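Each chain, written out:
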Amino acid sequence: MKKPLMVGLAAASILALAACSTGPADTGGEPPSSSNPTAITVGVIPIVDTAPIWLGVEKGFFSDEGLDVTVQPTTGGAASVPGVVAGSYDFAFGNYVSGMLANDQGLALKYVTNGNSTAGSPDFGAVIVPGDSDITSPADLAGKTVSVNNLQNIGDTTIRTVVDDDGGDSSTIKFVEVAFPDAEAAVANKQVDAAWILAPFLNSAVANGARVITYNFSDFDPGLDIAGYFTTLETYTGKPELTKAFQTAMNKSLEYADSHPDEVKQIVTTYTKMTLDQLDAMVLPKFSAEFNREAMVKLGAAAFDYGTLKAEPNLGELLP
Amino acid sequence: MNSRMRNTKVSNAILGLTGILLFLLAWEIAPRLGIVRERFLPPASEVLVTLFEYFGEGAFWKDVGETMLAWAIGLTLSVVAAVVLGLIIGSSSFLSKSTYTTIEFLRPIPSVALIPLAVLLFGVTIESSLLLVIYASFWQVLLQVLYGVADVDPVAENTAKSYGLGPFARARYVVWPTVLPYLMTGIRLASAVALILAITAELIIGSPGLGYQIALTRSGGAVPEMYALIVATGIIGIIINFGMRFIEKRVLAWHSSVRSEVGA
Amino acid sequence: MSILKRIAYFVGLPLLLIIMWWALTLGEPNFYVPTPAQLITTFWEVWAGERFATDFLPSIIRLFIGLIATITLGIVLGILIGSFRWLRSLTEPLLEFFRAIPPPVLVPLFILLIGINDQMMIFVIISGSIWPVLLNTVEGVRAVDEVLSDTSRTYGIHGFSRVRHLVLPAASPQIMTGVRQSLSIGLILMVISEMFGASSGIGYTIVLFQRGFAIPEMWSGIAVLGLIGIALSLISKAIEARVLRWYHGVKEVQRDS
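The following refers to the structure shown. Keep in mind that what you see is a predicted model, and the values were worked out from it rather than measured. (Residues numbered from 1 in each chain as written. Chains lettered and ligands numbered in written order. Predicted model: local features only at pLDDT ≥ 70, side-chain atom pairs only at ≥ 80, totals over all residues.)

1. Digging into the interface of chain C and chain B
- Listed per partner, the contact involves 51 residues of chain C and 51 residues of chain B.
- Of the residues forming the side of chain C that touches chain B, the biggest block, eleven residues, is contributed by helix 4 (residues 85-99) of chain C.
- Of the residues that constitute the side of chain C that touches chain B, the class distribution is 32 nonpolar, eleven polar and eight charged. (Contact = placed C-beta atoms within 7 Å. Helix = DSSP H or I, 4+ residues; strand = E, 2+ residues; numbered from the N terminus. Nonpolar A, V, L, I, M, F, W, Y, C, P; charged D, E, K, R; others polar.)

If you want it as structure tokens, here you go:
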């Protein structure tokens, strides 16, 4: 009488595991229209990079396309991919190497629009060193400890390419994981030799004496796209009108954001704790509705070369 | 309560307060003296002021409520499950021996490793937090209950058996009193673990609550706010602990460890 | 109990569960739940190679040092705090305060104070796994049988002798409960500590796989943790059997009479 209880419990939990990993939740089969809006949830990290979607929602671009969007802030990449696969999010924001990794492993994700791209030089992300460090160029990073927010992702891939292009041996770099908010302290306290940091932490670090060694995104490729909005392949092929509506609204938001930086800064203050002063001191990312496929191919090739991916990504599958 | 006991309670409280004050002093001085950079660890006064500002915001209390909800539900469910399973497994030597490996294998698996699973099953909701909370707290209580059952005085149990008491009566009059102190320690430990996991789940997954707010302040670079919320977490922990101790004293008033203190 | 019976108990339920798992995954392949066969091959590929030296060993060593420090500190502090009520009152609010703060939140603070190195990770392990040992030791000390306590006082047994001959033995069942719990908590914290600023380790590897969507590899890492957990628990049982020989002996006599 007692053993079956345990067995039953175990069976139930394994069944739950197997059964619950099915497709995304159903958001309705009808094409969205202004008179009959479809509710969707988009998972985004509440940072400057995602300003366009917040702006687009505020400006009504999405409701024009018949979409009732709930922008759900996530704490980071850990939840966005499982969230999309499980159906909590219809679309989510994520950097392209993460998407490549997922597809490399067999998860079928598809980016539907771009999200943000490098702003050129100066950029909103850079590798910094303490002011008194004897590292002066990317090649000097060889043999040193460099922190990135996530290993085997876009940070170390772009940094390694930059170092190799500058003549250093990037395979001797010791990469450690330190989140952006902590990286500033890690560099200042000399716990790492160099750190990859994004704004606004970048500006705070530089204002306190740190030096920029490379703007690794733009030094990698001046047209590099960094992140985009993705969904599952299932949604993409199964709900073409929904996807199209999202794409139209999102691309409009991206273009609008790119040409109205002041409104971007304004909206960022509403969903983060940043101030306008901080934002004015920052370089904003570039928001583009177009993908730069050449730069993406380069990114995929680099990720493959450095062992992050098992094979070079198929952009036809990854991008629309 | 006689004056001697009252003095003891007062002196306990004063000592506790002294400890806290000493710590706050150290925290105030260290950043100001430059032992730690002020930018990364603001002095205690700044953080406390920010915390008081939070107290005035409705959104703050809503987040506290969400966290406490996950904590309460998760703790209750895991305690009930652990007591039931613990008593059943503990009282059968067959079950104890056959479940040993499985329990020892599953027990040390960190709830953090289950996060992708939680999100997959429940999305970014309170249920994900609950999965982590329950998974972690359950083992704490289960282990204690098993230990308690193993500690039952065989003489007492045999006496009860020879007097013809059935399994339920024995459970109530012999097993339960022995298990109770162990169980209370287990609940006290589990209540702390439940809080930690609730906040960790919110931190990493993003389900609603204090942990989620901490993550937002972190990624937004709002350092004093982040520490203020962390202090709030610690305060909740203290309140929970004192609450649990109070309950424990009430429930175990007859046990020697508590009695010896009351009389001193 | 015969060896055969012992083995049967040891692997019985796990085998049953594995069989059920295999049966349930016979259908179409699920991305997040590998089949048992997949897991075993992945496990071998991942952990039997050079990872053993680069990731497994460093983690184990850190865990070991952390646990030994935890147990020693926990017992010493527990005896002190349990014996002197004023010390307990002084430190209790502070201890409860820090205990409630989740490790993922505390680690950045530790990094700030200690740095990104092995010491920090060991510190994280101690900071979380000391609590069961500490609390159980305090409880054990408080619950020393009054009669024994008074008797030894009458005989003039004080200080260190008292601790060695009265307090420690009397509290040891409770202490061992705490130690047993701290082992699995220590393991969990080892994983968490390796999520920050680490470049090697079991926890680091699991998170890496998680991030890279290498799900079967991730599960293999989790399986390693479970196996270490079993090993730790067996070791502690063996130690317990020796240390608490007298206690178990008393119980056994009572049971047989």
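2. Some remarks on the environment of C:Thr72
- Relative to the helices and strands, C:Thr72 resides in helix 3 (residues 51-83).
- In the structure, C:Thr72 is positioned 162 residues away from C:Leu234 in sequence and 20 Å away in space, judged by C-alpha atoms.

3. Side note on unusual backbone geometry
All names here are of chain A.
- The step from Ser-121 to Pro-122 runs through a cis peptide bond, and the omega angle for that step is 0°.
- Considering the arrangement of structural elements, one finds Pro-122 in the loop between strand 4 (109-117) and strand 5 (125-129).
- Even without glycine at this site, Gln-152 takes up a positive phi of about 55°.
- Along the chain, Gln-152 turns up in the loop between strand 6 (145-148) and helix 6 (154-165).
- Unusually for a residue other than glycine, Lys-190 sits at a positive phi of about 60°.
- If you trace the backbone, Lys-190 turns up in the loop between helix 7 (180-188) and strand 8 (194-198).
- You can call Lys-190 exposed: it has 12 C-beta atoms within 10 Å. (Buried ≥ 20, exposed ≤ 12 C-beta atoms within 10 Å, placed from the backbone.)

4. Description of the interface of chain A and chain B
- Taken together, the contact between chain A and chain B spans 27 residues of the former and 27 residues of the latter.
- For the side of chain A that touches chain B, the elements supplying multiple residues, two or more each, are helix 1 (3-20), strand 2 (67-73), helix 4 (77-86), helix 7 and helix 8 (201-207) of chain A.
- With six residues, helix 4 of chain A is the largest single contributor of residues to the side of chain A that touches chain B.
- Taken together, the residues that form the side of chain A that touches chain B break down as 17 nonpolar, eight polar and two charged.

5. Here's the deal with the sheet that holds strand 6 of chain A
All names here are of chain A.
- With mixed pairing, five strands are arranged side by side in an open sheet as 7-6-8-5-9. Each edge of the open sheet is held by one strand with a lone partner, namely strand 7 (174-177) and strand 9 (211-214). Adjacent strand axes in the sheet meet at a mean angle of 35°, parallel and antiparallel pairs treated alike.
- Against the sheet, helix 6 touches strand 5, strand 6, strand 7, strand 8 and strand 9, its axis set at about 140° to strand 6.
- Contacts from helix 7 reach strand 5, strand 6 and strand 8 within the one sheet, and its direction differs from that of strand 8 by about 145°. (Pairing = 2+ DSSP bridges. Axes fitted to C-alpha atoms, helices over the stretch in contact; angles between N-to-C directions.)

6. Some details on the nonpolar core
- Of all hydrophobic cores here, the largest spans 234 residues; its most connected members are A:Ile128, A:Val187, A:Ala195, A:Ile197 and B:Val133.
- Per-element tally for this core: the top contributor is helix 8 (residues 167-204) of chain B, with 19 residues.
- Those residues in contact with B:Val133, other than ones at most four positions away along the chain, are B:Ala70, B:Trp71, B:Gly74, B:Ala194, B:Leu197, B:Ala198 and B:Ala201. (Core = buried A, V, L, I, M, F, W, Y, C linked by C-beta atoms within 7 Å.)

7. Topic: the sheet that holds strand 4 of chain A
Residues and elements named next belong to chain A.
- Spatial ordering of the open sheet is given by 2-1-3-10-4, a layout of five strands whose pairing is mixed. Single-partner strands in this sheet number two, and they are strand 2 and strand 4. Between one strand axis and the next, the sheet turns by 25° as a mean value, whatever way the strands run.
- Of the pairings in the sheet, the one linking strand 4 to strand 10 (residues 225-232) comprises seven bridges and is antiparallel in character. Counterpart to Asn-114 in the pairing with strand 10 is Gly-228.
- Where helix 2 (residues 51-59) meets the sheet, its contacts fall on strand 1 (38-44) and strand 2, and the angle it forms with strand 2 comes to roughly 145°.

8. Topic: the pairing of strand 8 of chain A
Residue and element names in this part refer to chain A.
- Counting buried positions along strand 8 yields five of five residues, so the element is predominantly enclosed.
- Here strand 8 shows two buried faces, one formed by Ala-194, Trp-196 and Leu-198 and the other by Ala-195 and Ile-197.
- Two strands pair when backbone bridges link them, and strand 5 and strand 8 are joined in this way by four bridges, in the antiparallel orientation. Among the inter-strand pairings, Ile-128 is bridged to a residue of strand 8, identified as Ala-195.
- When strand 6 meets strand 8, the two strands line up parallel, connected through two bridges. Each residue of the ladder has a partner; that of Ser-147, found in strand 8, is Ala-195.

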